[in-house]
Amino acid sequence: QVQLVESGGGLVQAGGSLRLSCAASGRTFSSYAMGWFRQAPGKEREFVAAISWTGGSTYYAGSVKGRFTISRDNTKNTVYLQMNSLKSEDTAVYYCAAPPRGVIAAMQMHPQDMDYWGKGTLVTVSS
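Only a predicted model underlies this, so the values are computations on that prediction, with no experimental measurement involved.

About the thresholds
Residues numbered from 1 in each chain as written. Predicted model: local features only at pLDDT ≥ 70, side-chain atom pairs only at ≥ 80, totals over all residues. Heavy atoms only, no water. Helix = DSSP H or I, 4+ residues; strand = E, 2+ residues; numbered from the N terminus. Buried < 20%, exposed > 50% of the residue type's maximum accessible area, 1.4 Å probe, protein only. Pairing = 2+ DSSP bridges.

*Asks:* Help me understand unusual backbone geometry in this model?
*Replies:* Where the residue is not glycine, phi is negative for most of them; where a peptide bond is considered, it is trans in most cases. Phi at Asn77 takes a positive value of approximately 55°, unusual for a residue other than glycine. For Asn77, the location among the structural elements is in the loop between strand S7 (68-73) and strand S8 (78-83). Residue Asn77 is classed as partly exposed on the basis of its relative accessible area of 30%. One non-glycine residue, Ser85, lies in the positive phi region at around 50°.

Following this line, the structure appears as structure tokens:
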């Protein structure tokens, strides 16, 4: 079992920044990749970013590449999402998720393939 708890969401003006955190417990955190997803009102949940088990490689959705940075601290069992140059279209509930055991690479992830989810944190970007 893996428990995931996101934090750091809030209201920010367009062009601003936020850093989300996701604290993990349960399964050995450093043994698997992690992903961030988001879901805007009325839309399907979509992939945002992924990071490999060591943190040495990352992968981003095109819509956030160059603006968002995913990172992890395996000593703190925490993964982060630094979001800069925020736009109104980034407004969504952001979720961290853990893939099945054995998935260690940073790559495109799909919601249906993830094993564990946090409850999400709301990010609202005002224009």
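*Asks:* Any chance you could explain the pairing of strand S5 (residues 46-51) here in plain terms?
*Replies:* In the case of a regular strand, side chains alternate between the two sheet surfaces. Burial analysis of S5 places five of its six residues in the buried class, the great majority of the element. With three bridges joining them, S5 and strand S6 (residues 58-60) adopt antiparallel strand pairing. Bridge pairing in S6 places Ala49 opposite Tyr60. In this structure, the hairpin formed by S5 and S6 is closed by a connection of six residues, where Gly55 is found at a positive phi of approximately 85°.

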